[in-house]
Amino acid sequence: MGGGGRMTLPPNREKMERVPSAKPPFTVGQLKKAIPPHCFNRSMIKSFSYLAFDFVLSSLALYLTTFFTMGGLVGWAMWLGYWIVQGCVLTGVWVIAHECGHHAFSDYSWVDDAVGFVLHSLLLVPYFSWKYSHRRHHSNTGSLEQDEVFVPVPKEELKWTSNLVNNPLGRLVTITIVLTLGWPLYLAFNVSGRKYPRFACHYDPYGPIYNNRERLQIFASDFGVLGVAYSLYLLASSFGLLWVIKIYGIPLLIVNAFLVLITYLQHTHPALPHYDNTEWEWLRGALATVDRDYGILNHVFHHITDTHVAHHLFSTMPHYNAMEATKAIRPILGSYYHFDGTPVYKAVWREFRECVYVEADGPQQSGVFWYKNKMA
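A. Representation of the layout of surface pockets. A volume near 450 Å³ is recorded for the second largest pocket. As for the second largest pocket, its lining consists of 20 residues, and the residues nearest its centre are Ser58, Leu90, Leu122, Ile247 and Tyr248. Per-element accounting of the lining of the second largest pocket gives the leading share, five residues, to helix 9 (residues 241–267). For the lining of the second largest pocket, the class distribution of residues is 16 nonpolar, four polar and no charged.

B. Seen up close, the sheet that holds strand 5 (residues 368–372). Spatial ordering of the open sheet is given by 1-5-4, a layout of three strands whose pairing is antiparallel. Strands with a single pairing partner mark the edges of an open sheet, and in this sheet they are strand 1 (273–275) and strand 4 (357–360). Pairwise comparison of adjacent strand axes, ignoring direction, gives a mean angle of 45 degrees for this sheet. Sheet analysis places strand 1 next to strand 5, joined by three bridges and oriented antiparallel. Bridge pairing in strand 5 places Tyr275 opposite Val368.

C. A look at the nonpolar core. Within the largest apolar cluster, 52 residues are counted, with the highest numbers of intra-cluster contacts made by Trp94, Trp183, Leu265, Tyr294 and Phe301. Elements supplying a minimum of two residues to this core: helix 3 (72–101), helix 4 (109–122), helix 5 (127–139), helix 7 (168–189), helix 8 (215–239), helix 9 and helix 14 (344–354). Top element by residues in this core is helix 9. It accounts for eleven residues. Core analysis: the next-biggest nonpolar cluster, separate from the first, contains 18 residues, Leu31, Cys39, Leu287 and Ala310 among them.

D. Seen up close, the side chain of His312. Along the polypeptide, His312 turns up in helix 12 (residues 308–313). Polar side-chain contacts of His312 include one of 3.2 Å to the side chain of Thr141. When neighbours within four sequence positions are excluded, His312 is seen to be in contact with His137, His138, Thr141, His267, Trp282, Ala286 and Thr289.

E. Fine view of the packing of helix 9 against helix 14. The interhelical angle for the contact between helix 9 and helix 14, taken along N-to-C directions, is 65 degrees, at an axis separation of 11 Å. Crossing of helix 9 against helix 14: the hand is left-handed. For the pair helix 9 and helix 14, contact is made by Leu261, Tyr264 and Leu265 and by Val344, Ala347, Val348, Glu351 and Phe352, respectively. Looking at the contact of helix 9 with helix 14 residue by residue, the classes come out as seven nonpolar, no polar and one charged.

F. Spotlight on a nonpolar patch on the surface. A contiguous nonpolar surface patch, about 680 Å² in accessible area, is contributed by Leu60, Tyr63, Leu64, Phe67, Phe68, Met70 and Val74. It is helix 2 (residues 44–67) that provides the largest number of residues to the nonpolar patch, a total of four residues. One can find Leu60 in helix 2. Judged by its relative accessible area of 42%, Leu60 is partly exposed.

G. Expanded view of the pattern of salt bridges. For the structure shown, the criterion picks out 14 salt bridges. One salt bridge connects Asp113 with Lys131, and the closest N-O pair in it is separated by 2.9 Å. Placement of the pair is Asp113 in helix 4 and Lys131 in helix 5, with a sequence separation of 18 residues. You can call Lys131 buried: its relative accessible area is 10%. Of the charged contacts, one joins Arg292 and Asp340 as a salt bridge, the two residues approaching to 3.3 Å between their closest N and O atoms. With a gap of 48 residues between them, Arg292 in strand 2 (residues 291–292) and Asp340 in strand 3 (residues 339–340) connect regions that are remote in the sequence. Comparing Arg292 with Asp340 shows no difference in burial state: the two are buried. Here the salt bridges do not stand alone but share partners, grouping Arg18, Glu359, Asp361 and Lys372 into one network.

Reading the values: rules and limits
Residues numbered from 1 in each chain as written. Predicted model: local features only at pLDDT ≥ 70, side-chain atom pairs only at ≥ 80, totals over all residues. Heavy atoms only, no water. 1 Å grid on protein atoms, 1.4 Å probe; cavity = no way out; pocket = protein on both sides within 12 Å on 5 of 7 lines; lining within 4 Å. Points joined across faces, edges and corners; volume = space filled by probe spheres on them. Helix = DSSP H or I, 4+ residues; strand = E, 2+ residues; numbered from the N terminus. Nonpolar A, V, L, I, M, F, W, Y, C, P; charged D, E, K, R; others polar. Pairing = 2+ DSSP bridges. Axes fitted to C-alpha atoms, helices over the stretch in contact; angles between N-to-C directions. Core = buried A, V, L, I, M, F, W, Y, C linked by side-chain atoms within 4.5 Å. Buried < 20%, exposed > 50% of the residue type's maximum accessible area, 1.4 Å probe, protein only. Polar contact = N/O pair within 3.5 Å; in protein donor to acceptor, adjacent residues only side chain to side chain. Contact = heavy atoms within 4.5 Å. Left-handed = near helix turned anticlockwise from the far one by under 90°. Patch = residues over 30% accessible without salt bridge, like charges linked within 9 Å, V, L, I, M, F, W, Y side chains within 5 Å. Areas by Shrake-Rupley, 256 points an atom, 1.4 Å probe, with all protein chains shown as cover. Salt bridge = Lys/Arg side-chain N within 4 Å of Asp/Glu carboxyl O.

Written as structure tokens, this is what we have:
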């Protein structure tokens, strides 16, 4: 999927072509006019059909693995296959829940919130808590002061520990920690998130992330997660903890890893700019993201991977129209459209190596910051 590889880095990083950081020569209105009107139509039936298909695949994977139980290496191979398939399919379910949070599932907000609440709670995600912080991420993408997730570190704020991980072994350990613990650490402790004047936590209704109108729904999100956690406790009491881990726990770890990986790679690239409050504008920030190619997983993940630029421009557009919309706006975006066809496993290693901190090139671009590496 995708359309070319202009963002793939050449061997010599110094020759890398940065994406434009100047004010775009087009408007959001011009981009919207280029997209066929039907792309903005939300179909509840169509949205539920994608969700139903995901549930069928998930149930089929569970049934085949548990029905054809085998021992030895064959049995473990079947479980490994189940974990991978189930983790990928449930990541697609996670994406549909994310779409509900953007009011892109149907024309009815209450339907979107009901579906999103159930789906995200089943995956131990506080639906409304994340919905509101993620909405602010979309409102402030690319802002060093206001963005909510994977906010880059300015050079002067680098900690001494960065020297310990600026090597192959350190990067491997860091990537492992980020993919396994990154999501729960973000939810519980706002790790890698925006700086707040006091402790921020997605489970705290009275935390600085939320306002008074949102607090009751944060309580509801907490109760949803606690309800599912208690259900898992009952299942473990009946079938054993190992059974729950094999059926649910390991696939959930894979979902969390994909969630962090996808988000990180959507907003982290040596060619992408970030802005402080003197230069940031919504459109410039929204364009500071990149489409990636995950192969067949583009379809499994409902194209959140290879249509993310369009998603940031028009977040209420349903996923099944995003490819057509991306194709329609690319001629207008021109060099402002960012696509990287680098294989994901290479891209994640490169980004962790190259994107250590951000720094302005000089007084002439004091408000525009670029990813750099301490070794560069």
